[in-house]
Amino acid sequence: MPPGAQPGRGDRDALWIAAAFALVALALAHALPFIDDEGELTWQGALTLSREPVATLFFQKFHPPLALFYAPLAPLGWRAFVTVHVAVAALGVALLGRLGGALGGSAVVAAG
């Protein structure tokens, strides 16, 4: 978006899509058992990093950058981890929508 430009309807729609994504993802993440183990593996890696930092950084299966990012909240438990993880994903959806609109495309298509 050019400097000084006002956000358009597409940007607001992209934010609504991100908000809807966050609500549905939170509801599913807190209500259902694990669908696959990638989220649990990320949480376990962050939890292990908070307990054994040097050893975990060399264990590539735990994705060290993600483990570093989530390590401060991993000791708070699975629900806290999932909530922040969904918030980060929703922020990504909103930012992709804004980027799509700024590049002249449809913010709604980019966010959706």
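Just above, that's the structure.
In every chain, residue numbers begin from 1 and rise along the written sequence. For a predicted model such as this one, the threshold for reporting local features is a pLDDT of at least 70, and the threshold for listing and counting side-chain atom pairs is 80 or more; totals across whole chains, interfaces and linings nevertheless cover every residue. Side-chain metrics in this entry use all non-hydrogen atoms of the structure; hydrogen atoms and water are not considered.

In this section: the overall build of the protein chain. The helix count covers DSSP runs of H or I at least four residues long, the strand count covers runs of E at least two residues long, and both are numbered beginning at the N terminus. Of the regular secondary structure elements, the protein chain holds six helices and zero strands. Counted from the first residue to the last, the protein chain has its helices and strands arranged as α-α-α-α-α-α. Burial classification: accessible surface area is computed with a 1.4 Å probe over protein chains only, and a residue below 20% of its type maximum counts as buried, one above 50% as exposed, and the rest as partly exposed. In the protein chain, which comprises 112 residues, the proportion classed as buried is 28%. About 7200 Å² of surface is accessible on the protein chain, with carbon and sulfur atoms providing 71% of the total. Per-residue and other accessible areas follow the Shrake-Rupley method at a 1.4 Å probe size, with only the shown protein chains counted as cover for residues.

The end-to-end C-alpha separation of helix α5 (residues 78-102) is 36 Å, in line with the 36 Å expected for 25 residues at 1.5 Å each. Residues F81, V82, V86, A90, V93, A94, G97 and G100 constitute the buried set of α5. Positive phi shows up at G104, right after α5, with a value of about 95°. Here, expected helix span is obtained from the residue count minus one, scaled by 1.5 Å.

What follows covers the environment of F81. Examined against the element boundaries, F81 turns out to sit in helix α5. Linking F81 and Y70, residues 11 residues apart in sequence, is a C-alpha distance of 7.4 Å. When checking whether two residues touch, look at their non-hydrogen atoms; a contact exists if any pair is within 4.5 Å. F81 has contacts with G39, T42, W43, Y70 and L73, leaving out every residue within four places of it along the chain.

Below, the discussion takes up the side chain of T42. Tracing the backbone through its elements, the reader meets T42 in helix α2 (residues 38-51). The class for T42 is buried, based on a relative accessible area of 9%. For T42, the residues in contact, after removing those within four places along its chain, are L66, Y70 and F81.

Another point: the nonpolar core. Among buried residues, those of type Ala, Val, Leu, Ile, Met, Phe, Trp, Tyr and Cys that are joined through side-chain atoms within 4.5 Å constitute a nonpolar core. The biggest cluster of nonpolar side chains holds 12 residues, and these are A22, A25, W43, A46, L47, Y70, L73, A74, F81, V82, V86 and A90. When contributions to this core are tallied by element, the ones reaching two or more residues are α1 (9-31), α2 and α5. In contact with L47, not counting residues within four places along its chain, are A74 and P75. With six residues, the next largest nonpolar core counts A14, V93, A94 and A107 among its residues.

Considering the arrangement of structural elements, one finds V82 in helix α5. The class for V82 is buried, based on a relative accessible area of 7%. Each C-alpha atom, one on V82 and one on G39, is 8.1 Å from the other, the two residues being 43 residues apart in sequence. Discounting residues that sit within four places of it in the chain, V82 has contacts with A29 and H30.

The end-to-end C-alpha distance of α2 is 20 Å, a good match for the 20 Å that 14 residues give at a rise of 1.5 Å each. Along α2, the residues that are buried comprise L41, T42, W43, G45, A46, L47 and L49.

The aromatic pairing rule takes the rings of Phe, Tyr and Trp, using the six-membered ring of Trp, and pairs them if the centres are within 6.5 Å, calling planes under 30 degrees apart stacked, those over 60 edge-to-face and the rest tilted. The full count for this structure, using the stated rule, is four aromatic pairs. Between W43 and W78, the ring centres sit 5.7 Å apart and the planes meet at 70°, which makes this aromatic pair edge-to-face. Of this pair, W43 sits in helix α2 while W78 sits in helix α5, placing them 35 residues apart in sequence. For W43, a relative accessible area of 13% translates into the label buried. Look at W78 and you get partly exposed, because its relative accessible area is 22%. Here the aromatic residues W43, F69, Y70, W78 and F81 are joined through ring pairs into a cluster of three or more.

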